[in-house]
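Next come the chains, spelled out residue by residue.
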Amino acid sequence: MAIACITGASSGIGKEFAFRLSRKGFDLILVARNTDALEKLAAALPTKCEIITCDLSSPKKCKKLGETLGKKRISILINNAGFGNVGSFIESDLEKELAMIDVNIKALHILTKALLPQMVQRDSGYILNVASSAGLMQGGPYMAAYYATKAYVTSMTCAIYEELREQGSHVHISMLCPGPVDTNFNEVANVKFALPGISVKYCVDYCLRQMSRGRLTIIPSPLMQLAMFFCKHMPKKLLLPITAKQQMKKM
């Protein structure tokens, strides 16, 4: 039986991935901090689920998790765990930002490093890094740390994608770069989105279709696809003030 591992599986996008992949017949490894939420989720799924409670803000615990997962034959890794924060850089909380770096960057890096070699050896598998449209932009005033963490994710994913392509590997790596999605992200980041969000179900369904086709960059919303096109071609000095105004609307 094929196995999919999902981090941040207790809510939002991660939880929806669990439902979708379980219905497709995958056994699951569900990773998050909230054991109760994971147990409730596992009980509602039709396939076998292994629960791993792990604080992904701890690099030491992530390395131990990576060692555990590296011993399993995992077909799909979804690096979904992550969170954001809003506020001016000089006023934002340092400890929350450092935890964000640990979860958004270090955990994703460690788990990708742990599972990619076995996938390459088997010449099969998928890795999906849940990034953000923020990671495709040139910076995010008033969400500086969050944008920077997602830029790391998109940069690393692109690099690995090309390495795999040049090796002729059948392992695929993709990055999900949505704009606003209707999840509990807003509460954790203390934001209110200026633009309407897409549903979690639409986001995940779209993503799985594109991921199966080997697509590198997955942007589920047509509005965000258009926005990213213009952002890509807009001079930085014009784009940053516009981004700043959008971020200030969230505060």
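Quick notes on the rules
Residues numbered from 1 in each chain as written. Predicted model: local features only at pLDDT ≥ 70, side-chain atom pairs only at ≥ 80, totals over all residues. Heavy atoms only, no water. Pairing = 2+ DSSP bridges. Helix = DSSP H or I, 4+ residues; strand = E, 2+ residues; numbered from the N terminus. Buried < 20%, exposed > 50% of the residue type's maximum accessible area, 1.4 Å probe, protein only. Polar contact = N/O pair within 3.5 Å; in protein donor to acceptor, adjacent residues only side chain to side chain. Contact = heavy atoms within 4.5 Å. Core = buried A, V, L, I, M, F, W, Y, C linked by side-chain atoms within 4.5 Å. Salt bridge = Lys/Arg side-chain N within 4 Å of Asp/Glu carboxyl O. Expected span 1.5 Å × (residues − 1). Bend = angle between axes of the 7 residues up to and from the residue.

Pairing in this open sheet of 7 strands is parallel, and the strands run β3-β2-β1-β4-β5-β6-β7 from one edge to the other. Of all strands in the sheet, those bounded by a partner on one side alone are β3 (49-53) and β7 (217-218). Two elements, strand β2 (residues 27-32) and β3, share 5 bridges in a ladder whose sense is parallel. When the bridges of β3 are listed, L28 appears paired with C49.

What follows is about unusual backbone geometry. Residues other than glycine seldom take positive phi values, yet D123 does so here, at roughly 65°. As for its placement among the helices and strands, D123 is situated in the loop between α4 (94-122) and β5 (126-130). Phi angles above zero are rare outside glycine, and Y142 is one such case at about 75°. Within the secondary structure, Y142 is located in the loop between β5 and α5 (144-166).

By the element assignment, S92 lies in the loop between β4 (76-79) and α4. Residue S92 is classed as buried on the basis of its relative accessible area of 16%. Only 2.5 Å separates the side chain of S92 from the side chain of E97, close enough to count as a polar contact. Apart from the residues lying within four places of it in its own chain, the contact partners of S92 are N85 and E97.

Okay, the nonpolar core next. Core analysis: the biggest nonpolar cluster contains 45 residues, and V31, L56, L65 and L69 have the highest contact counts within it. Only β2, α3 (59-70), α4, α5, β6 (172-176) and α8 (222-233) provide two or more residues apiece to this core. The element that contributes the greatest number of residues to this core is α4, accounting for 9 residues. If sequence neighbours within four positions are ignored, V31 has contacts with C5, I6, T7, G8, A9, L38, I52, C54, L56 and L65. Counting 31 residues, the second-largest nonpolar core is a separate cluster that includes A42, V181, V200 and L208.

Looking now at the pattern of salt bridges. Side-chain pairs of opposite charge can arise where the charged atoms are in close proximity. The full count for this structure, using the stated rule, is 5 salt bridges. Taking the shortest distance from any N to any O, the salt bridge between R20 and D205 comes out at 2.4 Å. With a gap of 185 residues between them, R20 in helix α1 (residues 12-23) and D205 in helix α7 (residues 200-212) connect regions that are remote in the sequence. The buried category is assigned to R20, whose relative accessible area is 14%. One salt bridge connects R165 with E162, and the closest N-O pair in it is separated by 2.7 Å. Note that R165 and E162 are positioned in helix α5 at a spacing of 3 residues, about one turn of the helix. Take E162: its relative accessible area is 29%, and that puts it in the partly exposed class. Through salt bridges that share partners, E16, R20 and D205 make up one connected network.

Taking 1.5 Å of rise per residue, 29 residues should cover 42 Å, and α4 covers 41 Å from first to last C-alpha, within 8% of that figure. A bend of about 30° at K106 is the largest found in α4. Where α4 ends, the next residue or the one after it, D123, has phi of about 65°, a positive value.

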